[in-house]
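# Analysis of the macromolecular model
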Amino acid sequence: MSAESSRANTKRDMGLDELLKNMKLSEAEREVVVLDRAEKENLPAVKWMAVGKLLTMKQYSEQSLAATMRVAWNPAREVSFCPLGKNLFTVQAHCLGDWKRIMEEGPWIFRGYALMLEEYDGSTSLPTVPPSKVQAWIQIHKVPPLYRIESIMKQLASKVGEVLVVDMKVVSTGTGDFHRAKVNLPADRPLVRVMTLSPEGCQSIVLQVKYEKIAHFCAHCGLMGHT
């Protein structure tokens, strides 16, 4: 199926959903199929499925995205892509190893834009909460030696995003050193450039934040997804 056909089908399906909401239903059409608790609990789980969204306002080829990501992920088995709507699709792996790589080894970038992924259980036609977070490795520069403990590093990293991993190994450079942390960046918030550590009774310390393999962002407002 071409990208044009896929978009046309998506628009048609969305139009049908709106039409159904406004239809006057017959008695037979109003009848409801009820799943009791036991039936619902016995449903097989939808395994290794996520909802994906590319953080961009530009048009792109869904086929090119799928092909590019399959090469980046290098899966052992097939990875399926299925459109849900405009810039919204499901990604399903077919083995645990591929699933863990896709969900844990990001960030994933396509043409400079971040691919956002959220686990999806398939219980609704569309996800109740669309993907809105970008995985990224950040660097926190020149933390004084006294404060290089895990609890403080987690507090600092949390000012940038949801903390996934803190690497306590110090990375040295010619201009100083830094610690790394992996975080989920909120896509609707500007990137954090500095953070302040303020030990009680001592002078505040301003620490620079840098990003590794970051998606396109606006130099004026700091938001990802546009330039």
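Residues numbered from 1 in each chain as written. Predicted model: local features only at pLDDT ≥ 70, side-chain atom pairs only at ≥ 80, totals over all residues. Heavy atoms only, no water.

This brings us to the pattern of salt bridges. Scanning the model with the defined rule gives 8 salt bridges in all. Its salt-bridge partner being R148, residue D177 comes within 2.9 Å of it at the nearest N-O pair. Here D177 is found in strand β8 (residues 176-186), whereas its partner R148 is found in the loop between β6 (133-141) and α6 (150-158), with 29 residues between them in sequence. A relative accessible area of 18% places D177 in the buried class. R148 sits in the partly exposed class, given a relative accessible area of 23%. For E150, the salt bridge is made with K154, and the minimal N-O distance between the two is 3.6 Å. In this pair, E150 and K154 are both assigned in helix α6, 4 residues apart and thus about one turn of the helix distant. Within the structure, one salt-bridge network assembled from shared partners comprises E118, K133 and E162. (Salt bridge = Lys/Arg side-chain N within 4 Å of Asp/Glu carboxyl O. Helix = DSSP H or I, 4+ residues; strand = E, 2+ residues; numbered from the N terminus. Buried < 20%, exposed > 50% of the residue type's maximum accessible area, 1.4 Å probe, protein only.)

As a further point, take the pairing of strand β7 (residues 162-173). Bridge count between β7 and β8: 8 bridges; the pairing is antiparallel. Looking at the pairing, V165 lines up with K182 of β8. The hairpin formed by β7 and β8 contains 2 residues between the paired strands. (Pairing = 2+ DSSP bridges.)

Right, let's talk about a nonpolar patch on the surface for a bit. On the surface, L19, M23 and L25 cluster together into a nonpolar patch covering about 250 Å² of accessible area. With respect to the helices and strands, the residue L25 is situated in the loop between α1 (3-22) and α2 (27-30). (Patch = residues over 30% accessible without salt bridge, like charges linked within 9 Å, V, L, I, M, F, W, Y side chains within 5 Å. Areas by Shrake-Rupley, 256 points an atom, 1.4 Å probe, with all protein chains shown as cover.)

Below, the discussion takes up the environment of R189. Mapped onto the secondary structure, R189 falls in the loop between β8 and β9 (194-197). The partly exposed category is assigned to R189, whose relative accessible area is 41%. Excluding its chain neighbours within four sequence positions, the residues that come into contact with R189 are K159, V160, G222 and L223. (Contact = heavy atoms within 4.5 Å.)

Let us look at the confidence of the model for the protein chain. Predicted confidence across the protein chain gives a mean pLDDT of 88, with 88% of residues reaching 70 or more. pLDDT under 50 marks residues 1-13. Its contacts with residues more than four places away, or in other chains, come to 14 contacts. (pLDDT = per-residue confidence, 0-100.)

Hydrogen bonding along the main chain pairs the strands of a sheet, whether they run parallel or antiparallel. Strands sit in the order β7-β8-β6-β10-β9 across an open sheet of 5 strands; the sheet is antiparallel. Both edges of this open sheet fall to β7 and β9, since each of them pairs with a single strand only. With direction set aside, neighbouring strand axes in the sheet form an average angle of 30°. With 9 bridges connecting them, β6 and β8 associate as antiparallel partners. (Axes fitted to C-alpha atoms, helices over the stretch in contact; angles between N-to-C directions.)

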